Amino acid sequence: MCLAIPMRLMERSEIEGVVELDGVRRTVSLMLLPDAEVGQHLLIHAGYAIGAIDEAEAQTTLALLREFADAMVDL
Amino acid sequence: MGRGVTGSSRAPATLLLAHGSGGRLTHELVRDAFLPVLGNPLLATLTDAAVLPELPPGRPALTTDAFVVDPAVFPGGDLGYLSVVGTVNDLTMVGARPLWLTWALVLEEGAPGELISTCATGAARAAAEAGIAIVAGDTKVVPRGKGDGIYAVTAGLGVVPPGRDVGDHRIVPGDAVLVSGPIGDHGATIMACRHGLGSDGLRSDCASEAALVEALFGSGAEVHSLHDPTRGGVLAVCHETAERSGLRIHLEELAIPVRPEVRAVCEVLGLEALSLACEGRVVAWVAARDAETALAAIRRHPGGEGAAVIGRVAERAAGEAALVLETAVGGRRPLDLMSGTDLPRIC
Amino acid sequence: MTRHDLLHDRAAVAGLVRTIGDAAARLGRPATFMEVCGTHTHAVAGAGLRRMLPAGIRLVSGPGCPVCVTPVGYLDRALALAARPVTALCTFGDLMRVPSSTVTLEQARAEGRDVRVVYSPRDALAVAQGTDRQVVFLAVGFETTTPTIAAVLAEAETSGTPNFQILPGNKLIPPAMLALVDDPNLEVDGFLLPGHVSVLAGWEAFRFLAEEHGVPGAVVGFAPTDILRGVLELLEQNASGRCAIVNLYESVVSPRGNPTAAALVDRFFEPTNDSWRGFGEIPGSGLALRPEWAHRDASRIPVDLPPAREPAGCRCGDVLRGLIDPPQCPLFDAGCSPATPVGACMVSSEGTCSAWFRHERWGAA
């Protein structure tokens, strides 16, 4: 039961926030992630933010994937 | 007020059952809410049936449609506009030039006047854009709770010009599959409305395809078949066409145009863009050698800028899937019709 | 290239597939890896990944679909509650077409019962705040979803909404995985571990698989590249004889998970023995509402239940345990199909049998 999407936190109040992906906005609950900061990318599941995305780690993953992709281009 | 609509629709503040009973109130409703925007010489006679002028040469084409959409007013359109373009597009898909529509409404007691005016104006705008006339109408009012605000039922009459023959019977292996623009805009817009997703860029694509399809025919490309991907989306029309024709259709996921907002709605709600309705797109099957000509003709036409070749037709061997998707990452999977409605999932 | 594009990049996938081919050759024997998350099942099928793997590398699905493992008795109880005129049943869309001993929720709605599909538990609370009816929310799902239900219960309390209850059905994945590795019939060389469950529970919840049972695991996300990185890691561990749980979803998964969520869940729920379709009872694998929340617990409402009836011949249980592939069930494509599902594995779009029927059934595709 795992469908969760990264969306960017645009604004927040005490327990709610507005998140956005490609121009699509949604109000979600921040009850499970009370320290979420505006500007962070959050994982959204069933109307709740369940986790925050570590940008540095995300970049590391993307760099790794670029290596795999480049290895194919060099063939 | 939209392009081509010169009057103004005024609907009663409170819609009563009596507005549907055929007496004075019905007369006022038609006179004030519908005639000012939909009016034309044929409709204005307000008799039991419209007696039409002689049909142009060719084969008559007749279609009917029912429109039930929630919400009835959405970004990019309304039920009135949708009901007209949807009917026009049905005629267009068989190669017919649309001419005349009927427009019947079932209204719910208490339906807001603004809803009725919006839909009447929308229908009028669509009729003007598509170059057709609404020549007969009807209005009924059902008790509160027995309807969903507004339902529309239409019939559309057109003529297929002599020499034109489009249909699945003409599809052959090698044919190119084209779509006239990004997919899923209408379905994503409706689902976003229903589930509290906001977006400035998201709007229904509902529009008449009549002029675009005429441009396609005019290009000289050999057009074999046309379908509008409404309920069930591009997936449904391709699957049904593949099944019906006994052939195999390959779709290329990377070639299928999808707007980022539509993709985002799909990701958030767990939907598939291929299954979402389009109300202003055409899927065309054209002879292989004419694919580029057809594509160029559609792209030149307003509304067709985002057209793309999305697949090919092939022979189908026994035991093979009718519809196959070459996935974005280089895999391959068969596609089938989704059973049941498009329910958002969390799994 | 956007992040989304890169995660789904054709060249990256091709590079990973090639590297997987090399790793499989080095391993020199067949290997079977199991994922335990319905969203992984869906992702594998959706990208057509299974056929891209080298011969001998098999991906199987375990009990990762909460819809599929929900026992018939739960649906029967939900329907019995829906039959009460005072009830407004709210559910995730995933449950609407699951067979019970009688009808589905979809059929019950068509027959006039108040059954509403919601995307979020918060939507169900909003329903309760707008009606005099008794809202019962069908609380199913694993560690990803359970905290959202605990959160909505907290909101129901603070907002003073008396007519909101849940029918508890949430389950825990690690106890089910323990049942899997304890099963002598199961032959699995590694697990692809659920990325979003791990966001909440922490990846250390799965360490016991490697440390106590000798099965390696990789915590992965849901993009094709994520899943393939997991397959590669498991192949490399098998080849080298290493056995560890590795976190490959580092951007969102931490060792201990989300503490706020854990505290909320603990406030409302306690572990209990629970029944999983196909497994029978698994100790400590379900979540019951603590006694102080009895007023939120719709399972305490007395209802008449039909005798729980599993369809004859249905082998969902063996499918869910990864013991057979769907075509080995006698009902597969012989009465049981996505259009006419007999067992739960066929209903959910990411149920193993449904995914197989729709994507793997065709020979060469």
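All residue numbers refer to position in the chain's written sequence, counted from 1. As a convention, the first chain written is A and the first ligand written is 1, with the rest following in written order. At least 70 in pLDDT is required for a residue's local features to be given in this predicted model, at least 80 for side-chain atom pairs to be given and counted, and no such filter applies to totals for whole chains, interfaces and linings, which use all residues.

**Digging into the overall build of chain A**
Each helix is a run of DSSP H or I of at least 4 residues and each strand a run of E of at least 2, with the numbering of both proceeding from the N terminus. Within chain A one finds one helix and five strands. Counting from the amino terminus, helix and strand elements in chain A follow one another as β-β-β-β-β-α. Radius of gyration here uses only the C-alpha atoms, and the compact-globule reference equals 2.2 Å multiplied by the residue count raised to the power 0.38. The C-alpha radius of gyration of chain A comes to 15 Å, more than 25% above the 11 Å expected for a compact globule of 75 residues. Principal-axis analysis of the C-alpha atoms gives chain A an extent of 50 × 25 × 20 Å. Going through the 75 residues of chain A one by one, you find that 49% of them count as buried. Residues are defined as contacting one another if the C-beta atoms placed from their backbone atoms lie within 7 Å. For chain A, the proportion of contacts with a sequence separation of at least 24, taken over those separated by at least 6, is 29%. Residues are called buried when their C-beta atom has 20 or more other C-beta atoms within 10 Å, exposed when it has 12 or fewer, and partly exposed otherwise; all C-beta atoms are positioned from the backbone.

**Some details on the overall build of chain B**
Tallying secondary structure elements over chain B gives nine helices and 14 strands in all. A compact globule built from 347 residues should have a C-alpha radius of gyration of about 20 Å, and chain B, at 21 Å, falls within 12% of that. Dimensions of chain B along its principal axes, counting C-alpha atoms only, are 65 × 55 × 35 Å. Scored against the burial criterion, the 347 residues of chain B give a buried share of 54%. Contacts in chain B between residues far apart in sequence, at least 24 positions, make up 85% of those at least 6 positions apart.

**Some thoughts on the environment of C:Val342**
Residues and elements named next belong to chain C. Inspection of the secondary structure assignment puts Val-342 in the loop between helix H14 (316–320) and helix H15 (344–347). By the C-beta count within 10 Å, which is 22 here, Val-342 ends up buried. Through-space distance from the C-alpha of Val-342 to that of Leu-192 is 28 Å; in sequence the pair is 150 residues apart. When near neighbours in sequence (up to four residues on either side) are disregarded, Val-342 contacts Pro-99, Pro-311, Cys-314, Leu-331, Gly-335 and Cys-336.

**Thoughts on unusual backbone geometry**
That bond from B:Asp70 to B:Pro71 is cis: its omega, 10 degrees, falls within 30 degrees of zero. Considering the arrangement of structural elements, one finds B:Pro71 in the loop between strand E1 (59–67) and strand E2 (73–74). Even without being a glycine, A:Asp22 presents a positive backbone phi close to 50 degrees. Considering the arrangement of structural elements, one finds A:Asp22 in the loop between strand E2 (16–21) and strand E3 (24–29). Accessibility expressed as a C-beta count within 10 Å gives 20 for A:Asp22, which makes it buried.

**A look at the domain arrangement of chain B**
Residues and elements named next belong to chain B. Domain boundaries in chain B define domain 1 (17–160) and domain 2 (168–334). As annotated, the domain borders come from an automatic or database domain assignment. Computed over C-alpha atoms only, the centres of domain 1 and domain 2 are separated by 28 Å. Each side of the interface is counted separately: domain 1 has 18 residues, and domain 2 has 19 residues. Looking at the side of domain 1 that touches domain 2, the elements with two or more residues in it are helix H3 (79–93) and helix H4 (113–130). When residues of the side of domain 1 that touches domain 2 are assigned to their parent elements, the largest contribution, eight residues, is made by H3.

**Quick look at the sheet that holds strand E7 (residues 176–179) of chain B**
Backbone-to-backbone hydrogen bonds pair the strands of a sheet. The strands run either parallel or antiparallel. Residue and element names in this part refer to chain B. The seven strands are arranged E9-E11-E7-E12-E10-E13-E14 in an open sheet whose pairing can be described as mixed. Strands at the two margins of the open sheet, each flanked by one partner only, are strand E9 (223–227) and strand E14 (332–334). When the angles between neighbouring strand axes are averaged without regard to direction, this sheet yields 25 degrees. A fitted line through C-alpha atoms serves as each axis, taken over the contacting stretch for helices, and the angle formed by two N-to-C directions is quoted from 0 to 180°. Where helix H7 (residues 233–245) meets the sheet, it contacts E7, E9, strand E10 (248–252), strand E11 (283–286) and strand E13 (323–326), and its direction lies at approximately 155 degrees from that of E10. One bridge is not enough; two strands pair if DSSP finds at least two bridges between them.

**A closer look at the pairing of strand E4 (residues 115–118) of chain C**
All names here are of chain C. Sheet topology note: the strand E3 (residues 87–92)/E4 ladder contains four bridges and is parallel. Residue pairing across strands places Phe-92 opposite Val-118, the latter belonging to E4. When the strands point away from the viewer, a crossover counts as right-handed if the path from the first strand over the helix to the second runs clockwise. With helix H6 (residues 105–110) bridging E3 and the parallel E4, this β-α-β connection has right-handed handedness.

**Quick notes on the interface of chain A and chain B**
In this assembly, 13 residues from chain A lie in contact with 19 residues from chain B. Looking at chain direction, E3(A) and strand E8 (residues 197–199) of chain B are connected through three bridges and run antiparallel. Within the sheet, the bridge partner assigned to A:Val24 lies in E8(B) and is B:Ser199.

**Comments concerning the interface of chain C and chain A**
The interface of chain C with chain A comprises 39 residues on the first partner and 28 residues on the second. Charged residues are taken to be Asp, Glu, Lys and Arg, nonpolar residues to be Ala, Val, Leu, Ile, Met, Phe, Trp, Tyr, Cys and Pro, and polar residues to be all remaining types, Gly included. Class assignment for the residues of the side of chain C that touches chain A results in 21 nonpolar, 14 polar and four charged.

**Regarding the packing of helix H8 (residues 146–159) of chain C against helix H13 (residues 259–268) of chain C**
Residues and elements named next belong to chain C. Their axes nearest at 8 Å, the elements H8 and H13 cross at an angle of 65 degrees. Seen along the crossing, H8 lies across H13 with a hand that is left-handed. Between H8 and H13, the residues in contact are Thr-146, Pro-147, Ala-150, Ala-151, Leu-153 and Ala-154 and Ala-261, Leu-264, Val-265, Arg-267 and Phe-268, respectively. Class assignment for the residues of the contact of H8 with H13 results in nine nonpolar, one polar and one charged. Handedness of a crossing is defined here by the sense of rotation of the near helix relative to the far one, left-handed for an anticlockwise turn of less than a right angle and right-handed for a clockwise turn.

**Thoughts on the nonpolar core**
A general trend in soluble globular proteins is that nonpolar side chains are found buried together. Note on terminology: a nonpolar core is any set of buried Ala, Val, Leu, Ile, Met, Phe, Trp, Tyr and Cys residues joined through C-beta atoms within 7 Å. Ranked by internal contacts, the top residues of the largest apolar core, which has 265 residues, are B:Ala123, B:Ile150, B:Leu178 and B:Val265. Among residues more than four places away in sequence, those in contact with B:Val265 are A:Val24, B:Ala188, B:Met191, B:Ala192, B:Leu197 and B:Leu202.

**Overview of the sheet that holds strand E6 (residues 150–160) of chain B**
Residues and elements named next belong to chain B. With respect to topology, four strands assemble into an open sheet ordered E1-E6-E4-E5, the strand pairing being mixed. Of all the strands in the sheet, just E1 and strand E5 (133–142) have a single pairing partner and so form its edges. Going across the sheet, the axis of each strand differs from the next one's by a mean of 15 degrees, ignoring polarity. Against the sheet, H3 makes contact with E1, strand E4 (97–108) and E6, and its axis sits at roughly 145 degrees relative to E1, the strand it touches most.

**Here we look at the confidence of the model for chain B**
The pLDDT value tells you how sure the predictor is about a given residue, anywhere from 0 up to 100. Overall, the predicted model of chain B reaches an average pLDDT of 93, with 96% of residues at or above 70. This complex was scored by the predictor with a pTM of 0.92 and an ipTM of 0.94.

**Let's talk about the environment of B:Met93**
All names here are of chain B. Position of Met-93 relative to the elements: it lies in helix H3. Of the residues examined, Met-93 has 22 C-beta atoms within 10 Å and is grouped as buried. Sequence separation between Met-93 and Val-166 is 73 residues, and the spatial gap between their C-alpha atoms is 8.1 Å. When sequence neighbours within four positions are dropped, the list of residues in contact with Met-93 reads Leu-226, His-227 and Asp-228.

**Thoughts on helix H9 (residues 291–300) of chain B**
Residues and elements named next belong to chain B. Looking at H9, one finds that the buried residues are Ala-294, Leu-295, Ala-297 and Ile-298. Viewed end-on, H9 has its buried residues packed into an arc of 165 degrees, placing them on one side of the element. Of the surrounding elements, those touching the buried residues of H9 are E7, helix H6 (210–218), E11 and strand E12 (308–314). An arc is given here, and it is the one of the directions from the helix axis to the C-beta atoms.

**Considering the packing of helix H1 (residues 24–38) of chain B against H4(B)**
Any two packed helices are characterised by how steeply their axes cross, that is the angle between the axes, and by the distance between the axes. Residue and element names in this part refer to chain B. Running from amino to carboxyl end, H1 crosses H4 at an angle of 20 degrees, the nearest separation of the two axes being 9 Å. For the element pair H1 / H4, the angle class is roughly parallel. Classified by chirality, the crossing of H4 by H1 is right-handed. When H1 is examined against H4, the residues Ala-33, Phe-34, Val-37 and Leu-38 are found in contact with a partner set consisting of Ile-116, Ser-117, Ala-120, Thr-121, Ala-123, Ala-124 and Ala-127. When the residues that make up the contact of H1 with H4 are grouped by side-chain class, the tally is nine nonpolar, two polar and no charged. In what follows, roughly perpendicular refers to angles from 65 to 115 degrees, roughly parallel to angles under 35, roughly antiparallel to angles over 145, and oblique to any angle outside these ranges.

**Describing helix H5 (residues 72–82) of chain C**
Residues and elements named next belong to chain C. In terms of burial, H5 is a largely internal element, nine of the eleven residues being buried. Residues Val-72, Tyr-74, Leu-75, Asp-76, Arg-77, Ala-78, Leu-79, Leu-81 and Ala-82 constitute the buried set of H5. The inward-facing, buried residues of H5 contact E3, H6, E4, strand E5 (134–139) and strand E6 (164–168).

**Considering the pairing of E10(B)**
All names here are of chain B. Going residue by residue along E10, you find Ile-249 and Leu-251 tucked away on one face and Arg-248, His-250 and Glu-252 left uncovered on the opposite face. With four bridges joining them, E10 and E12 adopt antiparallel strand pairing. Paired with His-250 across the strands is Arg-312, a residue of E12. Strand direction decides the pairing type here: E10 and E13, joined by four bridges, are parallel. Residue pairing in the sheet places Leu-251 in a bridge with Leu-325 of E13.

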